[in-house]
Amino acid sequence: MTEPLALEVRNITKRFPGVLANDHVSFTLKKGEIHALLGENGAGKSTLMNVIYGLYSPDEGEIFLDGNPVEIRNSHDAIAQGIGMVHQHFMLVPVFTVAENIILGSEITRGLSLDLRTARRRIHELSREYGLEVDPDAVVEDLSVGIQQRVEIVKALYRNVRILVLDEPTAVLTPQEVEDLFRVMRNLTLRGVSIIFITHKLKEVMAIADRITVMRRGRVVGTTTPAETSEQGLASMMVGREVLLRVEKAEATPGEVVLDVRDLTVLDERKVEAIRGVSFQVRAGEILGIAGVQGNGQTELAEALTGLRKIESGSIYLDGVELPPMKPRANFESGLGHVPEDRHKHGLVLAHTVADNEVLVTYYQPPFAHGIRRDEEAVEENARRLIKQFDVRTPGPNVPVSNLSGGNQQKVIVAREFSRPVRLLLANQPTRGLDVGSIEYIHSELISMRDRGVGVLLISSELDEILSLSDRIAVMYHGRIVEILPAKEATREELGLLMAGGTREEPVEVETSVV
Amino acid sequence: MQSTATVILPAWQRWLVRNGVGVGVSLLVLIGVVIAYLNNGVVTTAVLSSTVRQATPLVLGALCGLMGERSGVINIGIEGQMLLAAFMGFMMNVWSGNLLLAVITGVATGALLGLLLALMSVTLKIDQIIGGTVINILALGLTGYFYTQGLTTAGKLRPFAIPVLSDIPLIGRVIFENPPITYSTFILVIVVHYVLFYTRWGLRTRAVGEHPRAADTLGVNVYLVRYINVIVGGAIAGLAGSFLTLEAVGSFERAMTNGRGFVALAVMIFGKWTPLGSWGAAMLFGFASAMQTQLQFGGEINIPHQFIGMLPYLLTIIVLAGFVGRARPPAADGIPYEKE
Ligand SMILES: Nc1ncnc2c1ncn2[C@@H]1O[C@H](COP(=O)(O)OP(=O)(O)OP(=O)(O)O)[C@@H](O)[C@H]1O
Ligand SMILES: [Mg+2]
């Protein structure tokens, strides 16, 4: 095997204030391979990719393309060398159309004017060639995340990439969309494109990777292939210890009703009923999982429960008391905990420190405030404790949350909500973007909250997560709860059916994609 | 079961839905003007010409403001840029007697102050409101200190008629018999509009104002785009200053910009950060000012002049509050860009 490597990095080191994000990292990418990059939250994966893409300049190290040393000083250089990247948090201009986003920086012009017509045609060609359907004239902010993802990929293809970096592309996708993405990835490798694929989902790695490199705390731990290892093996390689991929839990002992939702109807932005007359209860000491393909009303349900969205009709009782509409603080004070779906939009003030974010719900109460005076010491002390307990990788409590890796930002929220005395915990995609070790920890914390008598409402698009944690499972489809069944009786197949709009008695024909 | 049929309209219909109010108001104004012209041609022409004169510095100021903000830099120093440019242009006119040289001096002064603003807000990342305020105070102080009374000049820029076109009834005299900076303003509105919405540079400018990191990941030089836009904007504000001393008044007075730089910002917002919109907004404001003068001196109505003086401002408030609707500034407006 003498074919030159598509990409090689040698001894890359990158420091941030207080953090050694990459510590002499070496890594190779063969032509036409899919190389999975695994690692804990904060291991330095995104940092390494940003170095390769020219957004960060490394403190040490070299980069080779096709065997030749290159210097990549900015993204302009990277694009010129045929490197494309889909970032962990999308890089799209929300008010631009798809076409404008795709051509930005590599515009075609006729005379002085932008040639949008030619651009549209090229986008259509690419769409057809790779099966990535996008409407060039749609405005990006109106598109679902799945489609936005496609736009990002078309954006890279438009620039004729030879090397494509995908930083956690599957974290926000539905199983069907993941299938589609994998098809596109295989298609690309057939045409000689080499792909670096970052994910936390071991199943995906086993399904698609040719080789796997694992990082931990800024270093490369090793490189292997799916044939030589197993999910279990990868997990322990990542975390450095044995990880329980199965959740251990005792039988639930449900108590009194904590959450009682009666005949709830909620409208979405377009004034269409997103929740249509939904009723259910959550008892103390049980986990009710809500399964469903994203976009079937889960977001609106969560927002209605937290008082962020107007209720059209129906009512919500917490511990027997009706929650006032549109009063989030009142809801939180009556014992609601909330891990929101979109951490940047609802969970964190990115520019604030970790310490301040940990008291976002309680900052005005003792011990964090006395009258109008804030108690800085108590705030910081609280943060130190949570950082330790939840293993948040940060240089310290007084660092802005925006400096943390995606997964560690998530942990900041989880730490805040899990450490308050709540009666009902609404956990919406609580482990999105987290590594297996953190997922294990958060799952065990969820179980122990349940065992302490907290009612847990778990919303997740990960069927595995729903199946392994829930005591009862409610399936949402088109704004309705189509079925509530005991978790012991539920199977993947049956849930898949219900989620696609079938009923238990008369199943419809659907493809259940098992990823 | 409810459903939303999202009908895809043709482009021109979508445009009409978005700009319906503006189109309606313009039509009403147009009809009113035609009726007035048929009733009393001389007064109507006078009012309209005065409208254009009042509007010119506002349009130019708004162009300066929106070029900055579209690329993510708030410029509240337009007032100062205009004032210092007005002064420098005037002094050059006094000294050389060459009007072209004087205008160039004014424009260059505006551009230099633009460079200063870019340096403060893009490179040094000083709060942009403070940066603009520095420019305003600087201009006020410098012009106040160096101003000497009783200077005389060779003259000011004169209107010239464009043959044939200036004979069109109603709009002929108003649009096609103007001095050079007024003509340039018409042209600049169209040029800036074209550049912003139809060229590569415009696409990059808007991207940098909305999501600089996204632009950066595509190889766009965020700092360069901001610098150029703020400097060119400054030059246009400089042209507005030159208009005041070299075309409208012919002499300099202390603080003669009289808040126009700030009104220009309101005009820009009213025009939803677009050149054509700002032009319309400035025309409306200029029209109100012209009406005010006309009513005060026409002597036909018995209203205390203080109330008539409020007209332009009242109109601005009503229009801003009632008609403009949701105007969304560029998302990264006013936020310095950090690379790592
Ligand atoms: N711009 C920055 N400034 C300061 N520190 C940073 C910055 N970006 C990343 N870091 C730090 O560098 C380390 C590595 O972060 P990185 O984003 O590369 O992790 P990651 O492996 O991508 O994790 P995740 O799976 O959570 O996305 C983290 O400790 C993070 O806090
Ligand atoms: Mg990352």
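Thresholds, definitions, all that
- Residues numbered from 1 in each chain as written.
- Chains lettered and ligands numbered in written order.
- Predicted model: local features only at pLDDT ≥ 70, side-chain atom pairs only at ≥ 80, totals over all residues.
- Heavy atoms only, no water.
- Core = buried A, V, L, I, M, F, W, Y, C linked by side-chain atoms within 4.5 Å.
- Buried < 20%, exposed > 50% of the residue type's maximum accessible area, 1.4 Å probe, protein only.
- Contact = heavy atoms within 4.5 Å.
- Phe/Tyr/Trp six-rings, centres within 6.5 Å; stacked < 30°, edge-to-face > 60°.
- Lys NZ or Arg CZ within 6 Å of the ring centre and 35° of its normal.
- Helix = DSSP H or I, 4+ residues; strand = E, 2+ residues; numbered from the N terminus.
- Buried area = accessible area lost by both parts, 1.4 Å probe.
- Salt bridge = Lys/Arg side-chain N within 4 Å of Asp/Glu carboxyl O.
- Polar contact = N/O pair within 3.5 Å; in protein donor to acceptor, adjacent residues only side chain to side chain.
- Nonpolar A, V, L, I, M, F, W, Y, C, P; charged D, E, K, R; others polar.
- Donors = N, O, S within 2.8 Å, 3.2 Å for Na, K, Ca; no water.
- Pairing = 2+ DSSP bridges.
- Axes fitted to C-alpha atoms, helices over the stretch in contact; angles between N-to-C directions.
- Domains from an automatic or database assignment.
- Expected span 1.5 Å × (residues − 1).
- Bend = angle between axes of the 7 residues up to and from the residue.

### Quick notes on the nonpolar core
One finds Met185, Ile195 and Phe197 of chain A to be the most contacted residues of the largest nonpolar core, which totals 64 residues. The residues contacting isoleucine 195 of chain A, other than those within four sequence positions of it, are Leu29, Glu33, Ile34, His35, Leu164, Leu166, Met185, Leu188 and Thr189 of chain A.

### Remarks on the packing of aromatic side chains
Pairs of aromatic rings are described using the distance from one ring centre to the other and the angle between the two planes. Under the definition given, this model contains 11 aromatic pairs over all chains. Three or more aromatic residues joined by ring pairs make a cluster, and in this case those are Phe87, Phe90, Tyr147 and Phe252 of chain B. Residue placement shows arginine 122 of chain A over the ring face of tyrosine 158 of chain A; its charged tip is 4.6 Å from the ring centre. Sitting above the plane of the tyrosine 364 of chain A ring, arginine 329 of chain A keeps its charged end 3.6 Å from the centroid.

### A word on the environment of leucine 113 of chain B
Residues and elements named next belong to chain B. For leucine 113, the position within the fold is in helix α4 (residues 99-123). Here leucine 113 falls in the buried class, since its relative accessible area comes to 7%. For the pair leucine 113 and glycine 77, spaced 36 residues apart in sequence, the C-alpha separation works out to 8.7 Å. When neighbours within four sequence positions are excluded, leucine 113 is seen to be in contact with Gly80, Gln81, Leu84, Ile135 and Leu138.

### A few points about the interface of chain A and chain B
Every contact between the two is made by 36 residues of chain A and, on the other side, 23 residues of chain B. Here chain A packs against chain B, burying approximately 2600 Å² in sum over the two surfaces, 58% of which is carbon and sulfur. The largest share of the area that chain A buries against chain B comes from Met91, Leu104 and Leu114 of chain A, three residues that together contribute 20% of it. The interface formed by chain A and chain B contains 3 salt bridges. We note a salt bridge from glutamate 107 of chain A to arginine 204 of chain B, for which the minimum N-O separation is 2.8 Å. In this assembly, chain A and chain B are joined by 10 residue pairs in polar contact (both at pLDDT 80 or more). Mapped onto the side of chain A that touches chain B, the elements with two or more residues apiece are β1 (7-16), α2 (75-80), α3 (98-103), β8 (113-114) and β14 (273-283) of chain A. Considered class by class, the residues forming the side of chain A that touches chain B number 17 nonpolar, 9 polar and 10 charged.

### Here we look at the coordination of the magnesium ion (ligand 2)
For a metal bound by four donors in a tetrahedral arrangement, the ideal donor-metal-donor angle is 109.5 degrees, while six donors in an octahedral arrangement ideally sit at 90 or 180 degrees. Looking at the magnesium ion (ligand 2), the protein donor atoms are Ser46 of chain A (OG) and Gln88 of chain A (OE1), and they sit 2.0 to 2.2 Å from it. Of this pair, serine 46 of chain A sits in helix α1 (residues 45-52) while glutamine 88 of chain A is found in the loop between β6 (83-86) and α3, placing the two residues 42 residues apart along the sequence.

### Overview of the sheet that holds β1 of chain A
Residues and elements named next belong to chain A. Strand order in the open sheet made by the 4 strands is β2-β1-β4-β5, with antiparallel pairing throughout. Two strands in the sheet have a free side with no partner beyond their single neighbour: β2 (19-29) and β5 (68-70). Across this sheet, the average inter-strand angle for adjacent strands is 30 degrees, counted without regard to direction. Sheet topology note: the β1/β2 ladder contains 7 bridges and is antiparallel. Bridge pairing links arginine 15 to leucine 20 in β2. Where α1 meets the sheet, it contacts β1, β2 and β4 (60-65), and its direction lies at approximately 115 degrees from that of β1.

### Structural notes on the domain arrangement of chain A
Residue and element names in this part refer to chain A. Domain boundaries assigned for chain A yield domain 1 (5-239), domain 2 (245-335 + 421-515) and domain 3 (349-419). Each of domain 2 and domain 3 has a C-alpha centre, and these two points are 26 Å apart. Both sides of the domain 2 and domain 3 interface together cover about 1200 Å² of buried area, and 60% of this is carbon and sulfur. On the surface where domain 2 and domain 3 come into contact, there are 0 salt bridges. Connecting domain 2 to domain 3 are 5 residue pairs in polar contact (both at pLDDT 80 or more). At the level of elements, α10 (328-333) and α15 (436-451) are the ones that each hand at least two residues to the side of domain 2 that touches domain 3. Class assignment of the residues belonging to the side of domain 2 that touches domain 3 gives a composition of 10 nonpolar, 4 polar and 5 charged.

### Let's talk about the pattern of salt bridges
Here the structure, examined in full by the defined rule, presents 36 salt bridges over all chains. Note that glutamate 141 of chain A is salt-bridged to arginine 328 of chain B, the shortest N-O span being 3.0 Å. Taken together, the residues glutamate 141 of chain A in the loop between α4 (116-130) and α5 (145-158) and arginine 328 of chain B in the segment after α14 (311-322) connect one chain to another. A salt bridge links arginine 492 of chain A to aspartate 464 of chain A; the shortest N-O distance between them is 2.6 Å. Taken together, the residues arginine 492 of chain A in helix α17 (residues 492-499) and aspartate 464 of chain A in helix α16 (residues 463-469) connect sequence positions 28 residues apart. Where salt bridges share partners, they join Lys249, Arg450, Asp451 and Asp471 of chain A into one cluster.

### Comments concerning helix α2 (residues 41-70) of chain B
Residues and elements named next belong to chain B. Here α2 contains 30 residues, and its C-alpha end-to-end distance of 40 Å stays within 8% of the 44 Å for a straight helix at 1.5 Å per residue. If you look at α2, its biggest bend is around 35 degrees, right at alanine 55, and the proline proline 57 turns up within four residues after that. With 24 of 30 residues buried, α2 is to be regarded as a mostly interior element. Glycine 72, located one to two residues past α2, shows a positive phi value of around 100 degrees.

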